[in-house]
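Here are the chains, one letter per residue:
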Amino acid sequence: MEKYRINGGSRLHGEVEISGAKNAAVAIIPAALLVDGVCRIENLPQISDTVTLLYILESLGATVRMINPSTVEIDCSHATWNGADYDRMRGIRASYYFVGSMLGRFGIARTTMPGGCNFGVRPIDQHVKGMNAMGADVQVTDFIDAEVPGRRLRGASIYLDKVSVGATMNIIIAAVLAEGRTVIENAAREPHIVDLANFLNSMGADVRGAGTDTVKINGVDRLHGGTYAIIPDQIEAGTYMAATAACGGEVLIRNVIPKHLDCITAKLREMGVTVEEYPESVLVRRDGRLRRANIKTQPYPGFPTDMQPQIGACLALAQGTSVITEGVWDNRYKYVNELRKMGAQIQVDGRVAVVEGVETLNGASVAACDLRAGAAMVIAGLAAQGITTVEDIHFIERGYQEFVGKLQLLGGDIHIIDVPEEPRRWAANAG
Ligand code: EPU
C-alpha cells in the first residue's frame, strides 16, 4: 500500500507553481459533452479526479487526446448518454455534472449516485429541483435517471434553498442548450463557477452574472469548439500557504489569482504570517510562533470549508485557544482524531472545534480520511518533530498534482513508500 513518509521539522523555502483548479476542471470536463466540435482545455490539473472523468467521457464515446500533461482535446461529436463506465462514476463526486450535460445535450441521462469524500449527508435535492423545474423527470435510486419529454429542457426560474456549488454549476450546464432563459437565484459565487461560465461562453453559450448570487442563462442552439485555460486552484495555493505557515520559512506561490485568496491571506496575517501579494503570485513568510485565530467556514467569499483542515493543522501549533466553526458540512472534523495522535489538543462538539495550541506536534502513523484532511496530515507531519507516515494517500492524489514533488522542491522531507508502478503511469496513459 502506498504511504507518505515524512521526516518533519524542516522550514520550507523556494517557489511552487500552482496547477489548474480541480473544482473547475471537474465541471468543465463533463460540460464538454455539450460542445459540438473539438474543445481544447489547457491548464488541466493532473490529478486522479480529472483522469477518472476523462475515462468516463471516453466510455461515452468521446475522443480524448492528451496533447501534453496539462492540455487535453476532447471531441464529443459521437458521444452518447448511455453505457458509461458506471464503476468510475460511482467513485467520484463530480460525476453528477453528467446529469446536467447529458440532459442538456440529449434530453436523457443516466449516471450513478455520486461518490467522493464523506462529510456526513451530501444531498442532491437542489440539483434535482433545478432539473425538475426545467422539465425533466428525475428518478433517484442507485442511479440517477432523468428524461425530458420532447428531449429539450426549457428555461426556468430556480431559487436554491441552499447555496450549493454543485447545484449552481449543474443547472448552468443543463441550461446552456435549453430553450429560453434560466435564472438561478441564491446561486453560489465560487471562482470555479465563474470559470465554468467563461468556458461555456467561450464555446458560444450565453451565461451572465456568474460570481454573483443571480445567474442568468439564455439558451443557445449549439456550442462550438474552442480553447480554454482553467484558472489556478485557490485551494491548492491556500494549502501551500498553510504549509509555509505551519513549518516556517519563505515560499513564493506562483500562478495564482491573489484576489481568490483574500480570505485565506487575511486569516494568515491575523495569525502573524507575512503575505505579500504580486499580480500573479503571493510570497508567504513565517518566523515567530503562530498566533491563535477563530475561523468560520462559509460559501465564497467567506473562508472556504476546503481550507478548514489545513488551517486546523496550523492552529494546532498556534499560541492560544482558537475556535473553528464549520458552516458548510456536518462532519468535516474526522482529521482531528488523527491530529490528536500527533499531540494536538482539539475538542469537537458538533460543528465547533476548540483548539488549544501546543508548541510541538510529534510524528505518528496517521491516515488521510479525505482529500483536505489528508493535506492537513501532510502539513502537520512536515511541521512535527520526527517521522510521520500518512496512509490512504489515494484521497490526496484525487486533488493535488505532484504534491510530494512540489513539497520536496520546497525542502520538505517527504517520500512515497511502497509504490506500485501502475498508478504512476496514469497521466501518460490518460489519452
Ligand atoms: N446541499 C444540499 N442540497 C444539495 C446540494 C448541497 O442541501 O442539493 C448542501 C450540502 O449538504 C452542503 C451545502 O449544501 O451542506 C454545500 O454543498 P455544495 O453543493 O456547495 O457542495 P458540493 O458541490 O457537493 C463542492 C466541492 C467541495 C466543496 C463544496 C463547498 C466539487 C466536486 N466539490 O461540493 O469540494 O467542499 O463544493 O465549497 O466541486 C474538496 O475539493 O475537497 C471538496 C470537498
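Residues numbered from 1 in each chain as written. Predicted model: local features only at pLDDT ≥ 70, side-chain atom pairs only at ≥ 80, totals over all residues. Heavy atoms only, no water.

## Looking at the domain arrangement of the chain
Taken domain by domain, the chain holds domain 1 (2-19 + 232-418) and domain 2 (22-229). Of note, the centres of domain 1 and domain 2, computed from C-alpha atoms alone, are 30 Å apart. Taken together, the contact between domain 1 and domain 2 spans 24 residues of the former and 20 residues of the latter. In total, domain 1 and domain 2 occlude about 1,900 Å² of area from one another, counting both sides; carbon and sulfur atoms represent 51% of this. At the surface where domain 1 touches domain 2, the tally comes to one salt bridge. Between R398 and D49 there is a salt bridge, with its nearest N and O atoms 3.0 Å apart. Joining domain 1 to domain 2, the criterion identifies six residue pairs in polar contact (both at pLDDT 80 or more). (Domains from an automatic or database assignment. Contact = heavy atoms within 4.5 Å. Buried area = accessible area lost by both parts, 1.4 Å probe. Salt bridge = Lys/Arg side-chain N within 4 Å of Asp/Glu carboxyl O. Polar contact = N/O pair within 3.5 Å; in protein donor to acceptor, adjacent residues only side chain to side chain.)

## Re the state of the cysteines
Cysteine pairs can be covalently joined through their sulfur atoms, and such a bond is termed a disulfide. The full count for this structure, using the stated rule, is zero disulfides. C39 supplies the cysteine sulfur nearest to C76, a cysteine that is in no disulfide, at a spacing of 7.2 Å. No disulfide involves C263; its sulfur sits 14 Å from the nearest other cysteine sulfur, which is in C314. (Disulfide = S-S within 2.5 Å.)

## A few points about the sheet that holds strand β20 (residues 352-356)
Reading across from one edge, β17-β18-β20-β19 is the order of the four strands in this open sheet, with mixed pairing throughout. This sheet does not close on itself; its edge strands, each paired only once, are β17 (295-296) and β19 (345-349). Across five bridges, strand β18 (residues 321-325) lies against β20 in antiparallel orientation. The partner of I324 across the bridge, within β20, is A353. Of the strands in this sheet, β18 and β19 are in contact with helix α11 (residues 334-341), which crosses β19 at around 155°. (Pairing = 2+ DSSP bridges. Helix = DSSP H or I, 4+ residues; strand = E, 2+ residues; numbered from the N terminus. Axes fitted to C-alpha atoms, helices over the stretch in contact; angles between N-to-C directions.)

## A look at the environment of I28
Position of I28 among the secondary structure elements: in helix α1 (residues 22-31). Assessed through its relative accessible area of 0%, I28 is described here as buried. Measuring from C-alpha to C-alpha, the distance between I28 and I41 comes to 8.7 Å, with 13 residues separating the pair along the chain. I28 has contacts with I41, D195, L196, F199, Y228 and I230, leaving out every residue within four places of it along the chain. (Buried < 20%, exposed > 50% of the residue type's maximum accessible area, 1.4 Å probe, protein only.)

## Here's the deal with the packing of aromatic side chains
Counted according to the given criterion, the structure contains six aromatic pairs. Summarising the aromatic geometry, the rings of Y96 and Y97 are spaced 4.8 Å apart at their centres and angled 80° between planes, so their arrangement reads as edge-to-face. Residue Y97 is classed as buried on the basis of its relative accessible area of 3%. Pairing Y333 with Y335 gives two aromatic rings, centres 6.4 Å apart and planes at 45°, and the pair type is tilted. In this structure, Y333 and Y335 share a single accessibility class: buried. (Phe/Tyr/Trp six-rings, centres within 6.5 Å; stacked < 30°, edge-to-face > 60°.)

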